[in-house]
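Listed below, chain by chain, are the residues.
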Amino acid sequence: MTRPTILVTGAGGQVGYELARLLPGHGKVVALDRSALDLVDADAIRSTVRALRPQIIVNAAAYTAVDRAEEETELAFAINARAPEILAEETRRLGAVLFQYSTDYVFDGKASTPYAEEAPTAPLNVYGESKLAGEQAIAASGCASLTLRTSWVYGLRGRNFLLTIRRLAAERDELTVVADQFGVPNWARAIALATARLIGLGPSYLAEHGGLYHLSGSGVATWFEFARAILGSAERPRLNAITTAEYPTPARRPAYAVLTAAKFGRTFGFGLPDWRVMLRDCLAARE
Ligand SMILES: NC(=O)c1ccc[n+]([C@@H]2O[C@H](COP(=O)([O-])OP(=O)(O)OC[C@H]3O[C@@H](n4cnc5c(N)ncnc54)[C@H](OP(=O)(O)O)[C@@H]3O)[C@@H](O)[C@H]2O)c1
């Protein structure tokens, strides 16, 4: 079998960076960061895809600034909804397979048991709305696609909660962290590894098993518990639990955003580990 050409967008992001490192074992990888392919530029998306003619497109680019999205609504929709729509159209034209990542923030967080794929969506913020619109555009396009919803992505590079907590821990004696939002932290590398494993199944298998999946580790955490686990047994800084109401942000966030990955596990026979296992592996990794 000839090695497929795999286009990765958003190659400078947490998941995109890991994909660019991992995927060369699975094909000829063209990994483009924002400077090489700006997803706001619809013509650039079309001409890049048409020139490369990839068998697989992994869209790891996204507008992920959840609070800023409340102001930059148009930009968030251009990147999170319109760009995936164009990628999906191009994927269909080529008979390729599109991977898209989406978010737990498509839900309103009023549930008390983990959300399955068919649970009704009701985003509380613009970011969630724009990501949901991207999911829907891909589904409506009729292209072969896997949309993987995940949550609380972190790693040792980029912008994320783990690095913020570590930076603040070096600067302060005391930290306050929200303890009434529940979710699952997922390591960007584990998400990329799972994606690579899926790609290894081959385009025709993927086309047959396309659709919407939750890709998330097991277990549940609050941001407070996640911070505690990041800092380990260190006595400093002291961690103080606060409520969401005590930490107002421009964007509302779901109180309970736990995804069950049961469908993914049933379909593909593997999944992500418990969030504490992923965190341990991440902290033990060099970069
Ligand atoms: N981060 C999370 O907690 C989280 C949670 C649930 C789901 N997700 C989803 O998981 C996927 C991967 O997220 P991530 O954590 O890897 O996000 P990330 O680290 O913020 O990476 C996103 C990448 O997209 C790039 N990008 C932004 N605007 C772009 C544009 N106009 N054209 C091209 N690239 C652009 C960013 O470039 P710059 O660095 O130049 O801005 C960044 O490199 C996304 O679909 C996200 O919605 C993330």
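Residues numbered from 1 in each chain as written. Predicted model: local features only at pLDDT ≥ 70, side-chain atom pairs only at ≥ 80, totals over all residues. Heavy atoms only, no water.

Caption draft 1: Examining the site of the ligand more closely. Around the ligand sit 24 residues, and of these R34, D38, T64, Y127 and K131 come closest. For the ligand, an oxygen atom lies 3.0 Å from a polar atom in the backbone of G13. The backbone of Q14 places a nitrogen or oxygen atom 2.9 Å from an oxygen atom of the ligand. Ranked by residue count, the leading element in the shell around the ligand is strand β4 (residues 97-103), at three residues. Grouping the constituent residues of the shell around the ligand by class yields twelve nonpolar, eight polar and four charged. (Near = heavy atom within 4 Å. Polar contact = N/O pair within 3.5 Å; in protein donor to acceptor, adjacent residues only side chain to side chain. Helix = DSSP H or I, 4+ residues; strand = E, 2+ residues; numbered from the N terminus. Nonpolar A, V, L, I, M, F, W, Y, C, P; charged D, E, K, R; others polar.)

Caption draft 2: Quick peek at the sheet that holds strand β1 (residues 5-9). Taking strand neighbours across the sheet as the criterion, the six strands line up as β2-β1-β3-β4-β5-β10 in an open arrangement whose pairing is parallel. The open sheet is flanked by β2 (28-32) and β10 (211-214), the only strands paired with a single partner. Taking the axes of each pair of neighbouring strands and ignoring which way they run, one obtains an average angle of 20° across the sheet. Note: β1 against strand β3 (residues 56-59), four bridges, orientation parallel. Paired with L7 across the bridge in β3 is I57. Its contacts with the sheet place helix α2 (residues 42-52) against β1, β2 and β3, and it is angled at close to 160° to β1. Across the face of the sheet, helix α4 (residues 126-141) comes into contact with β4, β5 (144-150) and β10 while running at roughly 155° to β4. (Pairing = 2+ DSSP bridges. Axes fitted to C-alpha atoms, helices over the stretch in contact; angles between N-to-C directions. Contact = heavy atoms within 4.5 Å.)

Caption draft 3: Examining the packing of α2 against helix α3 (residues 73-94) more closely. Packing of α2 against α3 leaves a shortest axis separation of 10 Å and a crossing angle of 25°. It follows from the interaxial angle that α2 and α3 lie roughly parallel. In this structure, α2 crosses over α3, and the sense of that crossing is right-handed. Each of A42, I45, R46, V49 and R50 in α2 lies in contact with α3, whose residues at this interface are R82, A83, I86, L87, E89, E90, R93 and L94. (Parallel < 35°, antiparallel > 145°, perpendicular 65-115°, else oblique. Left-handed = near helix turned anticlockwise from the far one by under 90°.)

Caption draft 4: Here's a closer look at the side chain of E117. Among the secondary structure elements, E117 is positioned in the loop between β4 and α4. Among buried Asp, Glu, Lys and Arg side chains, E117 stands out as unpaired, with K263 the closest opposite charge at 5.2 Å. The residues contacting E117, other than those within four sequence positions of it, are R149, L212, Y213, H214, T260 and K263. (Buried < 20%, exposed > 50% of the residue type's maximum accessible area, 1.4 Å probe, protein only. Lys, Arg positive; Asp, Glu negative; His and termini not counted. Salt bridge = Lys/Arg side-chain N within 4 Å of Asp/Glu carboxyl O.)

Caption draft 5: Summary view of the layout of surface pockets. Approximately 190 Å³ is the volume attributed to the second largest pocket. Around the second largest pocket, the lining is made up of 13 residues, and of these E135, A139, T147, G211 and L212 lie nearest the centre. Secondary structure elements with two or more residues in the lining of the second largest pocket: α4, β5 and β10. Considering every element that reaches the lining of the second largest pocket, the biggest residue donor is α4, with five residues. By residue class, the composition of the lining of the second largest pocket is five nonpolar, six polar and two charged. (1 Å grid on protein atoms, 1.4 Å probe; cavity = no way out; pocket = protein on both sides within 12 Å on 5 of 7 lines; lining within 4 Å. Points joined across faces, edges and corners; volume = space filled by probe spheres on them.)

Caption draft 6: How the structure looks around the environment of G10. You can see G10 is positioned in the loop between β1 and α1 (14-22). Judged by relative accessible area, which is 14%, G10 ranks as buried. Residues G10 and A31, spaced 21 residues apart in sequence, show a C-alpha to C-alpha distance of 7.8 Å.

Caption draft 7: Here's a closer look at helix α10 (residues 275-284). Those residues of α10 that sit buried are W275, M278, L279 and C282. One face of α10 carries all of its buried residues, which in axial projection span an arc of 100°. Away from its buried face by more than 90 degrees, α10 exposes R280 and A284. Considering only its buried residues, α10 is in contact with β6 (153-154), α5 (161-171), β9 (186-187), α6 (188-199), β11 (221-222) and α8 (223-231). In this structure D274 caps α10, since a side-chain oxygen of it lies 2.9 Å from the backbone nitrogen of R276. (Arc of directions from axis to C-beta.)

Caption draft 8: Up close: the pattern of salt bridges. Taken as a whole and judged by the stated rule, the model has twelve salt bridges. The partner of R189 in a salt bridge is E18, and the shortest N-O contact between them spans 2.9 Å. One end of the pair, R189, is in helix α6; the other, E18, is in helix α1, with 171 residues separating them in the sequence. A residue is classified by how much of its surface remains accessible, and R189, at 13% relative accessible area, is buried. A relative accessible area of 5% means that E18 is categorised as buried. Within this structure, E18, R21 and R189 form a network of salt bridges that share partners.

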